[in-house]
Amino acid sequence: MPKSISAARRTLLAGLLTATSLVLALSGCATYDVTTPADARADAPAADVRAKDTADAAAEDGKAPRGTAGDAVDCRKARCVALTFDAGPSEHTNRLLDILKKEKVHATFFMLGENHVEKRPAEVKRIDAEGHELANHTWSHQILTDIPAASAKREMSRLQDAVRKITGKTPRLMRPPQGRTDETVSEISKDLGLAQVLWSVTAKDYQTNDSALITKRVLEQTERDGIILLHDIYRGTVPAVPGILKELKKRGYTIVTVSQLLSPAKPEPGMVYRP
């Protein structure tokens, strides 16, 4: 049953994905494509590599903006880690944005629609205006592998439509709730132009409001090319962010968005990106 694929694309045949184990849940012989950020960069088409190098040179010369998905950060050379926040925006998001602005750091926000995007369009606009990456975490956090395909598509497309209405931009990245995906979810994601993004670092901040513990967990797990999962909906998370950023910078990490981590590769719809 295995098929021939490049080193950058590994087809996962079976396993179990939970919010803590990061192993993909599949049944039967379903297959879908998975790659790491490093492999994605290595397999980037030559044209994308040339475009990235040209953009980097322009940014270094002051001819292009920095701090966005097209800035001079080159994770082929820098020790990068992507910072992501799920399930917002919330009443804590503006404070988080103040911190990120002060620290000159950009993150990827995997946003929920119901009770979040729909109720906090101003925060969505600010996330976009300040150079952060807009991403999809579905409309109401239903487990996509547990619902009919038509319902899963609505969960993703409804969030796409809401963000586009607010910002004029359509997310290119999606994080499936609890990280649970399968062949059907991957096919729907591809149809909607969405790449799937999992993670390698979780503070389990849904279990605790202890900011010191959240900080400790993140720092213990973070390695180069990692993707950090936090939530800007919990009371203990945002207060932990300054300490996390300070220590990561001290350790030599460059903190980036998911698209920056993948560059010069471009997020491929349907692909699952997992460190």
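No experiment lies behind these values; they were computed from the predicted model shown.

The rules we used
- Numbering of residues starts from 1 in every chain and runs along the sequence as written.
- Local features in a predicted model are, by the rule used here, given only for residues with pLDDT of at least 70; side-chain atom pairs are given and counted only at 80 or more, and totals for whole chains, interfaces and linings are based on all residues.
- Values reported for side chains reflect all heavy atoms of the structure, with hydrogen atoms and water molecules removed beforehand.
- Only the six-membered ring of Trp is used, alongside the rings of Phe and Tyr, when aromatic pairs are assigned; centres must lie within 6.5 Å, and planes under 30 degrees apart are stacked while those over 60 apart are edge-to-face, with the rest tilted.
- Runs of H or I in DSSP of at least four residues are treated as helices and runs of E of at least two as strands, each being numbered from the N terminus.
- Any residue under 20% of the maximum accessible area for its type is buried, any over 50% is exposed, and the rest in between are partly exposed; the area is computed with a 1.4 Å probe on protein chains only.
- Remark: a charge is flagged as sitting over a ring if the NZ atom of Lys or the CZ atom of Arg is within 6 Å of the ring centre and within 35 degrees of the ring normal.
- What we call a nonpolar core is a set of buried Ala, Val, Leu, Ile, Met, Phe, Trp, Tyr and Cys residues that are connected through their side-chain atoms within 4.5 Å.
- A contact between two residues is defined here by any heavy atoms of the two lying within 4.5 Å.
- What qualifies as a polar contact is a pair of N or O atoms within 3.5 Å, subject to a donor-acceptor requirement within protein and to the restriction that residues adjacent in sequence count only when both atoms come from side chains.

Novice: Explanation requested: the packing of aromatic side chains in the structure shown.
Specialist: Aromatic ring pairs are reported here in terms of the distance separating the ring centres and the angle at which the planes meet. With the rule as written, the count across this model stands at 1 aromatic pair. Consider the rings of Phe 85 and Phe 109, whose centres lie 5.5 Å apart with planes at 25°: the pair is stacked. On the criterion of sequence distance, the pair formed by Phe 85 in strand 3 (residues 80-86) and Phe 109 in strand 4 (residues 108-111) is long-range, its members being 24 residues apart. As far as the burial class goes, Phe 85 and Phe 109 line up, both buried. Taking NZ or CZ as reference, Arg 79 lies 4.2 Å from the ring centre of Tyr 253, over its face.

Novice: Which parts of the structure should I look at to understand the nonpolar core?
Specialist: Within soluble globular proteins, side chains that are nonpolar generally end up buried alongside one another. Of all hydrophobic cores here, the largest spans 35 residues; its most connected members are Leu 83, Phe 85, Leu 100, Phe 109 and Leu 230. Breaking this core down by element, the ones donating at least two residues are strand 3, helix 3 (93-103), strand 4, helix 5 (121-129), helix 6 (149-167), helix 8 (211-221), strand 9 (226-231) and helix 9 (237-250). Sequence-distant contacts of Leu 83, defined by excluding residues within four places in its chain, comprise Leu 100, Val 105, Ala 107, Thr 108, Ile 228, Leu 230, Leu 245, Ile 255 and Val 256. Listed in part, the 26 residues of the second largest apolar core include Ala 82, Ala 135, Val 197 and Trp 199.

Novice: It is not clear to me how the environment of Ser 140 should be interpreted in this structure. Could you clarify?
Specialist: Turning to its location among the elements, Ser 140 is positioned in the loop between strand 5 (133-136) and helix 6. The class of Ser 140 is partly exposed, set by a relative accessible area of 25%. Along the chain, Ser 140 and His 116 lie 24 residues apart, while their C-alpha atoms are 9.4 Å from each other. Beyond its immediate chain neighbours, meaning those up to four positions away, Ser 140 contacts Leu 112, Glu 114 and Glu 155. Here Glu 155 takes part through its side chain, which lies 2.7 Å from a polar atom of the side chain of Ser 140.

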